[in-house]
Structure formats: structure tokens, C-alpha cells
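# Structural description and commentary
The residues making up each chain are set out below.
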Amino acid sequence: MDVPFLDLRAVNARYADELKAAAARVIDSGWYVLGQELAAFEHEFAAWCGARHAVGVGNGLDALALILRGYRELGALGDGDEVIVPGNTFIASFLAVTANRLVPVPVEPDPATFNLDPARVEEAIGPRTRAIMAVHLYGQLADMERLSALAHRHGLLLIEDAAQAHGAQAGGHKAGTFGDAAAFSFFPAKNLGALGDGGAVTTGDTLLAERIRALRNYGSNVKYQHLYQGANSRLDELQAAMLRVKLRHLDEEVTRRREVARRYREGIRHPRILLPAVARAERHAWHLFVVRSPRRDALQRHLQGLGIHAQVHYPVPPHRQPAYPELNGVHLPLTERLHREVLSLPLGPSMDAAAVDAVIDACRSFGGGT
């Protein structure tokens, strides 16, 4: 059978009538930017996360960048300050830092979870360090208890890159509420995905929220009065309305993702396929189910031949990208090995039992050759 990596058409088809009704409501309103739908979504998403504030922005990268820009405006960050980031992450984590004239300091991950290793973070703290950016990679929370204690001890900002972590939780608290601020992406493939691009910042810091609300809108809170040299990064009314619909179903979808991941973890047994480690299963939102194999490319070809569409997240780490020649000399052997070995299996809330079984059987039948 053919198993797509993520069937967005099937995901959205379940709520098609609700989505169409929401779109019609926006069209009929005649108000398409910074209106009631966005205000309602910000209130509902903040409540769902357990955060004091949510600010809708254009995309996940802008959410990260505007957090750092907001802290610059508040005087907490300045040119040349350092932000500790995971070596193994999507390049957006780095781009947000350098866009604000800050310096990314990549560190190696915990070898089990691939998330930031607090011990290595502490080793990387220097006189110019001002913030830690914890990426909840693949939907699993970083060790926020230890990172929070570390940030508090050294007087550092703690920022969550929660782009993949909608629904990840620990101790009754969800991603987006552990640090000083958090960035979410609503790219269509995310656990909470729009029908276009979108993002949001959550924070308990009222001053930061106020700054970001202005910065996203040309630096203005009042029309034609510009307090800052801002940007144009606003979550539009149509996407906010789509997200309001999908937010109502998000808990159910994350539960289904966890069920698929449980089936994979119980059913996939192969000496050349290393399953993901989880600190506690209830923490993980399972945006991606990422295995490791020393024969990753052969495994991907094998699965493709059986109709299983697996993907690589991500083939080249940021410090090895042409965009960052100043970091090309940085040596992160574990990060580089992970990027050679990781493979994401199909996972989504619309997968049925037959598709899950097909992925398990295909993995178990892998010969491991070249």
C-alpha cells in the first residue's frame, strides 16, 4: 500500500465543513487583518497553552526573531550578545539569532533525546551569553527543569522554540509556558497547522507581549504612530479562523499521534534501526517519529520501494550550511552523526491501523544492505 509521509488533505477533510464555515465568516466580515478572529484565537491559544499572552505573527521564524527583537527593545539583549542553541535543529533557530545581530553558540545534544544537554549548555556559558534557546525537537520537551535552573543561576533568558511541540507537556504544563517566551509555528504540517503560514509567541511577560504586538505591525500600536522600526508580520484573519477550528480538535489529534508512536515503539524491532528515546511518553507531542540507522539512505530506499514515504529532518546541520561560513569550522561530531543517520517515518492523526502496520512491517523487513 502507499503510505504518505503526512496526508494533509485527509487531516483537513475531517473538519472541512467547519473550516469552510470559518472562511465564509471571515469573507463576509469584510475585515481581514488584525480583527476579531485573531483576537479570539490569541485568547484561546493562550488559554490552551496555559500562558498569559499569545501574539499571532506571520510564521514561526518571525515568532522567534520577534522575541529576540522584543528583548533588544527592552534592553535585555544587544549587538554581539550570545545565544546558546542546539547544534541539531532547523536553521530557523539560527536565523532568528543572527537576524538580531546576536551570535549563535551551537552545542551538542543529549545523545538519547537529541535535545539540549544542560551539562554542555553550562560549559558553553561565557561572559557574553545572554540567552538559551531550547528547541523541543520533534515534539519532545527539552529538559526544562534543569535548563530553567541553569538560566536562573546565571541570569539568562530562556526561550522555547516550540515550533514542533504543540501539546508536549510535563507536570501538567504545556510547551510554551516553561521559559520567558516561546515561539510556535503553524506551518500546515505542524501539529496545529494553518492552511498557509502562521506563528505565535506565548509569554507571561506583559511588557514583552506589548513590544511584540507593536513590532509585528510596523512598530505601531496606534495607526501612523511608530514607536519602533518594526516589521510586517501579522497572523491574518483567515488563518486565525482556520486555527480556531483546528485548535478545538488538537488534543484529540495529539492523542492519536501518541497512539501511532506507541504502536511503532512496540512493533518495530530491527538491529539497524534505533527507536527514539523519550523521557516520559506523556511529554512527547510526536510531531515527528525519528529513527536512527547507520544505513539510513538504504533504509529510506527500502521503505520507498514498499510505498512508505519517509523523510530526512534534517540532512545538513546549520553550522555546516553555506549560509554560516563563520561556523563551518565548528566541530560537533554527535550532531553531524545524527544528521547522517536520522529518518522520519510517516506519522499523522489520519493514519489508520493498516498504514501503521505497513510501516512496521516494512521496517522489520529491512535487510540493511547498501
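Notes on the structure follow. (Residues numbered from 1 in each chain as written. Predicted model: local features only at pLDDT ≥ 70, side-chain atom pairs only at ≥ 80, totals over all residues. Heavy atoms only, no water.)

## Describing empty space enclosed by the protein
The cut-off we apply is this: Grid points spaced at 1 Å and placed over the protein atoms alone form the basis of the search, with a cavity being a set where a 1.4 Å probe fits but cannot get out and a pocket an open set showing protein on both sides within 12 Å along at least five of seven lines. Lining residues have an atom within 4 Å of a point. Grid points are joined across faces, edges and corners, and a volume is the space filled by probe spheres set on the points. Under this grouping Gly is polar, as are all residues other than the nonpolar Ala, Val, Leu, Ile, Met, Phe, Trp, Tyr, Cys and Pro and the charged Asp, Glu, Lys and Arg.
Taken as a whole and assessed by the stated rule, the structure comprises three cavities of 30 Å³ or more. If you add up the space inside the largest cavity, you get close to 70 Å³. For the largest cavity, the full set of lining residues is A112, T113, F114, L137, Y138, Q140, P276, A277, H284, W286, L288 and V290. Tallied by class, the residues present in the lining of the largest cavity amount to nine nonpolar, three polar and no charged.

## Here's the deal with helix 10 (residues 250–267)
We count it as follows: Going along the chain from the N terminus, every DSSP run of H or I of four or more residues is numbered as a helix, and every run of E of two or more is numbered as a strand. Expected helix span is taken as 1.5 Å per residue step, with the number of steps being one fewer than the number of residues. A 1.4 Å probe rolled over the protein chains alone gives each residue an accessible area, and that area as a share of the maximum for its type sets the label: buried under 20%, exposed over 50%, partly exposed in between. Note that the arc is computed from the directions linking the helix axis to the C-beta atoms. Contact criterion: two residues are considered in contact whenever any of their non-hydrogen atoms come within 4.5 Å of each other.
In this model helix 10 runs 26 Å from its N-terminal to its C-terminal C-alpha over 18 residues, within 8% of the 26 Å that 1.5 Å per residue would give. Along helix 10, the residues classified as buried are L250, E253, V254, R257, V260, A261, Y264 and G267. Each buried residue of helix 10 lies within a common arc of 160 degrees when the element is viewed along its axis, so the set occupies one face. In helix 10, the exposed positions angled more than 90 degrees off the buried face are occupied by E252 and E266. On its buried side, helix 10 packs onto helix 1 (8–13), helix 3 (36–49), helix 9 (237–247), strand 12 (289–292), strand 13 (342–345) and helix 13 (353–364).

## Section: the layout of surface pockets
Remark: the empty space left among the atoms is shown by a probe the size of a water molecule rolled over them. As a volume, the largest pocket reaches approximately 540 Å³. Forming the walls of the largest pocket are 29 residues, and the residues nearest its centre are F90, Q164, S185, K190 and Y314. Counted by class, the lining of the largest pocket contains 16 nonpolar, nine polar and four charged residues. Counted as a void, the second largest pocket has a volume near 200 Å³. Every residue along the wall of the second largest pocket is listed here: D62, A65, L66, R69, R72, A99, N100, R101, A231 and S233.

## Notes on the packing of aromatic side chains
As a reminder, the rule being used: Paired rings are identified among Phe, Tyr and Trp, the last through its six-membered ring, by centres lying within 6.5 Å, and are further divided according to the angle between planes into stacked (under 30 degrees), edge-to-face (over 60) and tilted (the rest).
Following the criterion strictly, the structure yields 10 aromatic pairs and no others. Pairing F41 with F186 gives two aromatic rings, centres 5.5 Å apart and planes at 80 degrees, and the pair type is edge-to-face. On the criterion of sequence distance, the pair formed by F41 in helix 3 and F186 in the loop between strand 8 (181–185) and strand 9 (199–203) is long-range, its members being 145 residues apart. With respect to burial, F41 and F186 carry one shared label: buried. Residues F45 and W48 carry aromatic rings whose centres are separated by 6.2 Å and whose planes lie at 15 degrees to one another, so their mutual orientation is stacked. In this pair, F45 and W48 both sit in helix 3, three residues apart, roughly one turn of the helix. Owing to a relative accessible area of 14%, W48 belongs among the buried residues under this scheme. Here the aromatic cluster, defined as three or more aromatic residues joined through ring pairs, consists of F41, F45, W48, F184 and F186.

## As for unusual backbone geometry
The step from H313 to Y314 runs through a cis peptide bond, and the omega angle for that step is 10 degrees. You can see Y314 is positioned in the loop between helix 11 (296–305) and helix 12 (333–341). Backbone geometry places F114, a non-glycine residue, at a positive phi of 70 degrees. The topology assignment puts F114 in the loop between strand 3 (103–107) and helix 6 (118–124). Among the residues examined, F114 registers a relative accessible area of 7% and is labelled buried. Of note in the backbone geometry, Y138 takes a positive phi value of approximately 65 degrees without being a glycine. One can find Y138 in the loop between strand 4 (129–135) and helix 7 (144–154).

## Section: the nonpolar core
The condition is simple: Take the buried Ala, Val, Leu, Ile, Met, Phe, Trp, Tyr and Cys residues and link them wherever side-chain atoms come within 4.5 Å; each set so joined is a nonpolar core.
I67, L68, V83, V97, M133 and I212 are the most contacted members of the largest nonpolar core, which totals 32 residues. Mapped by element, the contributors of at least two residues to this core are strand 1 (53–57), helix 4 (60–73), strand 2 (82–86), helix 5 (92–98), strand 4, strand 5 (157–161), strand 8 and helix 8 (206–215). The greatest single-element share of this core, amounting to seven residues, is contributed by helix 4. In this view, M133 contacts L64, L68, V83, I84, V85, P86, S93, V97, L116, I159 and D161; residues no more than four positions away in its chain are not counted.

## Considering helix 3
With 14 residues, helix 3 ought to run about 20 Å at 1.5 Å a step, and its terminal C-alpha atoms sit 20 Å apart, in line with that. For helix 3, the full list of buried residues reads E37, L38, A40, F41, E42, F45, A46, W48 and C49. Directly beyond the C-terminal end of helix 3, a positive phi value near 90 degrees is found at G50.

## Describing the environment of P346
Within the element layout of this structure, P346 appears in the loop between strand 13 and helix 13. A relative accessible area of 0% places P346 in the buried class. Considering only alpha carbons, one finds P346 and H249, 97 residues apart in sequence, at a separation of 20 Å. In contact with P346, not counting residues within four places along its chain, are V3, P4, F5, Y264, I308, H309, M351 and V359.

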